[in-house]
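# Summary of structural features
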Amino acid sequence: MTDVTPRGFEQTAVYVKAPARDSIGDQQDVAGLVETILADVRARGDAAVREYSVKFDRADVDVFEVSMADREAAVAELDPQTRADTEFAIDNVRRFAEAQLATILPLEVEPLPGLHLGHRVIPIDRVGCYVPGGRFPLLSAPIMTIVPGKVAGCREVVACLPPNAHRAMIAGCHLSGADRIFRIGGAQAIAAMAFGTESVPQVNKIVGPGNAFVNEAKRQVFGPVGIDQLAGPSEIFVLADASGDPRLIATDLLAQAEHDVRTRVGLITTDRAVAEQTAAEVTRQLETLETAGIAGQSWADYGEIVLCADEAAMIAYSDHVAAEHLQVHTSDAHGLAAKLRNYGSLFIGENASVVYSDKTVGTNHTLPTMGAGRYTGGLWVGSYVKIATHQWLDDEAVLKVGPPASRQSASEGLDGHMKAAQVRVDRLHQAATA
């Protein structure tokens with residue numbers, strides 16, 4: 001065991017395996033290049049998009065939009081079992097999104113006589129879904145971004161995916177309900193959706209994860225266009241006590257580590273034996289894992305095992321990390337889960353593997369990373385609607401709220417505000433004495 005301790009936890013935790021690199025610090029500085037791409041696409045539209053597609057994706061695309069005939073052909077090309085599994089996942093994501101939407105209700109209240117306040121739940125008009133190509137055809141990716149938008153009632157859901165993405169990804173977008181699909185990837189796709197081009201309609205909000213260029217492009221266009229979140233490399237942490245199964249824990253860590261060489265994976269435990277045996281299991285399983293080239297690099301660079309003094313220290317360290325995916329492998333998993341506050345999605349008990357959420361159970365796998373779980377949750381059907389308030393006042397309410405509004409405005413030196421508040425009060429008084 002090293003003598004290195006996690007920063008801020010010197011008295012309560014120690015690394016059994018420390019990460020060799022910092023996943024957040026290793027974010028490539030791509031801001032300048034992305035700024036150039038965005039400005040170019042904004043100025044030249046499709047022509048710029050086409051040039052960047054050739055430059056970055058090595059794809060010369062004449063027509064960006066995928067025709068309905070090509071969409072249907074991509075679906076027909078799917079292996080029958082793959083299509084059935086995809087539709088199974090779509091159904092589960094749809095059902096969960098529908099259940100979530102049912103909890104977001106319009107509101108009408110009358111806190112004072114004659115004062116009517118409320119809000120409406122309004123679907124965002126047009127959303128853009130960035131669908132990453134990845135090393136493999138990630139059929140779950142379009143499901144997670146497109147289906148909730150359709151459930152929310154967005155008028156149009158636009159999908160962009162890299163031109164060299166596997167054709168099965170087109171099928172996934174089609175089956176998920178995308179209204180339009182475009183073969184455009186990278187920062188140029190974000191620019192096209194944010195500003196609009198001759199081919200691509202301008203959207204109101206952009207959702208979906210991507211590489212560092214996509215992430216930076218989303219950051220730069222945010223404001224006139226909404227975004228879901230800024231997603232960094234994927235993360236998984238497991239909380240375990242002496243009851244944890246090192247073999248199972250190692251399997252789940254490596255399953256996530258194979259996403260990318262920059263994936264952050266970790267075990268937080270109160271048991272030294274579980275810590276050391278998990279490290280040994282990771283080494284053993286890497287010997288036969290087909291994706292060991294990726295997972296092994298991720299584990300070497302960003303993998304960590306932290307031994308905590310007690311459960312309270314384990315909870316504190318976990319809430320500090322605020323992992324994207326957080327699994328709980330303890331003797332009282334539900335009891336410990338209830339004490340946790342910061343995470344993207346929580347997986348309670350040994351049966352709840354991240355892979356099930358990644359693929360088929362119905363919860364969304366687009367989740368906060370890089371500590372963002374401290375202040376936000378992940379993508380959900382609520383990300384596709386606006387809660388817009390309204391109010392109207394009967395005369396009796398004006399007489400109640402008008403005078404304090406007028407006095408407050410005067411105390412702030414806002415003469416126009418004061419007059420707008422008072423004129424209605426004075427008018428009612430005049431009418432009453434007429």
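This report concerns the structure included in the present document. (Residues numbered from 1 in each chain as written. Predicted model: local features only at pLDDT ≥ 70, side-chain atom pairs only at ≥ 80, totals over all residues. Heavy atoms only, no water.)

### Digging into the overall build of the chain
- What the chain contains, in helices and strands, is 16 helices and 14 strands.
- C-alpha extents for the chain along the principal axes are approximately 90 × 60 × 40 Å.
- The 434 residues of the chain split such that 51% are buried.
- Once local pairs closer than 6 in sequence are excluded, the contacts in the chain between residues at least 24 apart make up 71%.
- Total accessible area on the chain is roughly 20200 Å²; 52% of this is exposed by carbon and sulfur atoms.
- Averaging the positions of the 38 positive and the 55 negative side-chain charges in the chain gives two centres separated by 6 Å. (Helix = DSSP H or I, 4+ residues; strand = E, 2+ residues; numbered from the N terminus. Buried < 20%, exposed > 50% of the residue type's maximum accessible area, 1.4 Å probe, protein only. Contact = heavy atoms within 4.5 Å. Areas by Shrake-Rupley, 256 points an atom, 1.4 Å probe, with all protein chains shown as cover. Lys, Arg positive; Asp, Glu negative; His and termini not counted. Charge placed at Lys NZ, Arg CZ, Asp CG, Glu CD.)

### Examining the state of the cysteines
- Applying the stated criterion to the full structure yields 0 disulfides.
- The closest cysteine sulfur to the non-disulfide-bonded Cys129 is located on Cys173, 8.2 Å from its own sulfur.
- What makes Cys129 buried here is its relative accessible area of 0%. (Disulfide = S-S within 2.5 Å.)

### Considering the pattern of salt bridges
- Across all of its chains, the model carries 19 salt bridges by this definition.
- The salt bridge involving Asp125 is made with Arg155; its shortest N-O contact spans 2.8 Å. Residue Asp125 is found in the loop between strand 3 (115-123) and strand 4 (126-130), and its partner Arg155 is found in the loop between helix 5 (140-152) and strand 5 (156-161); the two are separated by 30 residues along the sequence.
- For Asp125, a relative accessible area of 36% puts it in the partly exposed group.
- Glu304 is the partner of Arg264 in a salt bridge, and the nearest nitrogen-oxygen pair spans 3.2 Å. Highlighted residues: Arg264 in strand 10 (residues 264-269) and Glu304 in strand 11 (residues 304-308), separated in sequence by 40 residues.
- A relative accessible area of 1% means that Glu304 is categorised as buried.
- Connected through shared salt-bridge partners, Asp70, Glu77, Arg167 and Arg183 make up one network. (Salt bridge = Lys/Arg side-chain N within 4 Å of Asp/Glu carboxyl O.)

### Some points on the sheet that holds strand 1 (residues 13-17)
- Spatially, 6 strands are ordered 1-11-10-9-12-13 in an open sheet, and the strand pairing comes out mixed. The sheet terminates laterally at strand 1 and strand 13 (345-348), the two strands that pair on one side only. Neighbour to neighbour, the strand axes of the sheet diverge by 20° on average, direction disregarded.
- Pairing of strand 1 with strand 11, which is carried by 4 bridges, proceeds in the antiparallel orientation. Residue pairing across strands places Val14 opposite Leu307, the latter belonging to strand 11. (Pairing = 2+ DSSP bridges. Axes fitted to C-alpha atoms, helices over the stretch in contact; angles between N-to-C directions.)

### Topic: helix 16 (residues 415-433)
- Between its first and last C-alpha, helix 16 extends 26 Å over 19 residues, near the 27 Å set by a 1.5 Å rise per residue.
- Along helix 16, the largest kink reaches about 25° and is centred on Gln422.
- Among the residues of helix 16, those classed as buried are Ala421, Val425 and Leu428.
- Residues of helix 16 that are buried make contact with helix 15 (395-411). (Expected span 1.5 Å × (residues − 1). Bend = angle between axes of the 7 residues up to and from the residue.)

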